[in-house]
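# A closer look at the structure
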Amino acid sequence: MASKVFVHVGSPLAPSTALRDALGRHRRRLARVGVLYPPGHLGDDGGHRDAVLDVLGLTAGDHAPPTGAWDRLAETVRDWRRGTAVVSHELLADASSAQADRVVSSLGDAEVHVVYVAQDLGRQLPLAWQQWVRAGGGVPFAAYAAKVAERDPHRVARVFWRSHDLGAVLSRWAAHVPAERVHVVSVPHRDDAWTRTWARFARTLGIDPERFRLGSVADDSLAPLAGTEVLRLLNAAHSRVDPERRSDLLRATVAVEGGTPRLPETLREVLAAEAAGAAESLERHGWDLVGSHDDLAPEPDAFTCDPARVTPPADQVVSAQTTVIAALCGPSRARRGPAGVHRRALRVVTDRVRP
């Protein structure tokens, strides 16, 4: 049986995907030094996604995980007899206390550790709104940011804090593992944040980051505000964009020119208080912080007094619409022509932003 199991539980939108990619890329070499990242025969990502969906009782779109997916992953981990095993998926941040108990109990007598990667809310909130819109959300950025920051009972705030409230997430897990086995890896405020986060994460797992390097990572930068706003307006119009065209649409929102969203200055104090609360939770519970408390606080330039960085002007949105139209009507499957639903949806966008 694995002597240690590290369960990486999030947070969403922090460099979690890049960290998993690095683990997957080094899977065979890690196994040779006694670290198991479950193998590909359980699924493309070692079975983590299906296993986590299974243990949380979730589906992803039309995809339902195979019955017993978590049990198969847990059995693979229990059968590892060469040292350390790693289980990783940010959806585990949503686990209830009972679900966390099932995860920990299923790993047998191994020494279970929980790892949470925390990025400051100045970076997380705009990314979360962008992801919300890409998943079909229709709430404007200013309203989304205010509802989340003020912990409004609206669904967008409840969904966000379920996985981003550091104290609440880790308390659910810490009920089943000792405090010294709960680790928070903070994402630094630096140009090399990805590399430094990987180094902190790897050392927490007992991996030498110099021997197993992060490598290239996908660009997770924010799409321009106006481009995402076009997609939001399509969502708000209840447009059913052809799934085959949706990838073109998402690429178009990134290609739009313009600034990325910034949080309104009015939220500076409340988000500073949230960061202080997260730091206080770490101290009070005795959880291990791999990094600095300063990493949890938003940087000054995360906020703006410029309303155009919070709600894009109509002319910027209309300009962004041109790029989106080009993507939807571009060469990909041009023989089919633009679907009528696209034309109708884009007319709705124009009507909503016309001065």
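Residues numbered from 1 in each chain as written. Predicted model: local features only at pLDDT ≥ 70, side-chain atom pairs only at ≥ 80, totals over all residues. Heavy atoms only, no water.

Glancing now at the packing of aromatic side chains. For the structure shown, the criterion picks out 4 aromatic pairs. Here Phe 160 and Trp 161 contribute two aromatic rings whose centre-to-centre distance is 5.1 Å and whose plane-to-plane angle is 90 degrees, an arrangement assigned as edge-to-face. Like Phe 160, the residue Trp 161 is buried in the burial classification. Taking the centre distance of 6.2 Å and the plane angle of 40 degrees together, the rings of Trp 198 and Phe 201 count as tilted. Here Trp 198 pairs with Phe 201, and both are found in helix α10 (residues 193-205), just 3 residues apart, close to one helical turn. Both residues of the pair, Trp 198 and Phe 201, belong to the buried class. (Phe/Tyr/Trp six-rings, centres within 6.5 Å; stacked < 30°, edge-to-face > 60°. Buried < 20%, exposed > 50% of the residue type's maximum accessible area, 1.4 Å probe, protein only. Helix = DSSP H or I, 4+ residues; strand = E, 2+ residues; numbered from the N terminus.)

By volume, the largest pocket amounts to about 1,400 Å³. In this structure, the largest pocket is lined by 41 residues; those nearest its centre are Pro 12, Leu 13, Glu 90, Gln 131 and Trp 132. When residues of the lining of the largest pocket are traced back to their parent elements, those giving at least two are α1 (16-25), α3 (48-56), α6 (121-134) and α8 (155-164). For the lining of the largest pocket, the per-class residue count stands at 20 nonpolar, 12 polar and 9 charged. (1 Å grid on protein atoms, 1.4 Å probe; cavity = no way out; pocket = protein on both sides within 12 Å on 5 of 7 lines; lining within 4 Å. Points joined across faces, edges and corners; volume = space filled by probe spheres on them. Nonpolar A, V, L, I, M, F, W, Y, C, P; charged D, E, K, R; others polar.)

Here the structure, examined in full by the defined rule, presents 11 salt bridges. The closest approach of N and O atoms between Arg 123 and Asp 120, which form a salt bridge, is 2.5 Å. The partly exposed category is assigned to Arg 123, whose relative accessible area is 23%. A residue is classified by how much of its surface remains accessible, and Asp 120, at 2% relative accessible area, is buried. Salt-bridge contacts for Arg 232 lead to Glu 229; the nearest nitrogen and oxygen are separated by 2.8 Å. Of this pair, Arg 232 and Glu 229 both sit in helix α11 (residues 225-236), 3 residues apart, roughly one helical turn. With respect to burial, Arg 232 and Glu 229 carry one shared label: buried. Through salt bridges that share partners, Arg 151, Asp 165 and Glu 274 make up one connected network. (Salt bridge = Lys/Arg side-chain N within 4 Å of Asp/Glu carboxyl O.)

The grouping of Arg 28, Arg 29, Arg 32 and Arg 211 at the surface amounts to a positive patch. Within the secondary structure layout, Arg 211 lies in the loop between α10 and α11. Judged by its relative accessible area of 49%, Arg 211 is partly exposed. (Patch = residues over 30% accessible without salt bridge, like charges linked within 9 Å, V, L, I, M, F, W, Y side chains within 5 Å. Areas by Shrake-Rupley, 256 points an atom, 1.4 Å probe, with all protein chains shown as cover. Lys, Arg positive; Asp, Glu negative; His and termini not counted. Charge placed at Lys NZ, Arg CZ, Asp CG, Glu CD.)

Time to look at the nonpolar core. Core analysis: the largest hydrophobic core is formed by 40 residues, its most contacted members being Val 5, Val 7, Trp 70, Tyr 116, Leu 166, Leu 170 and Trp 173. Leave out the neighbours within four places in its chain, and Tyr 116 touches Val 9, Gly 10, Ser 11, Ala 93, Ser 163, His 164, Leu 166, Val 169, Leu 170, His 183, Val 184 and Val 185. The next biggest cluster of nonpolar side chains, apart from the first, holds 36 residues, and it includes Val 139, Phe 160, Leu 234 and Leu 328. (Core = buried A, V, L, I, M, F, W, Y, C linked by side-chain atoms within 4.5 Å. Contact = heavy atoms within 4.5 Å.)

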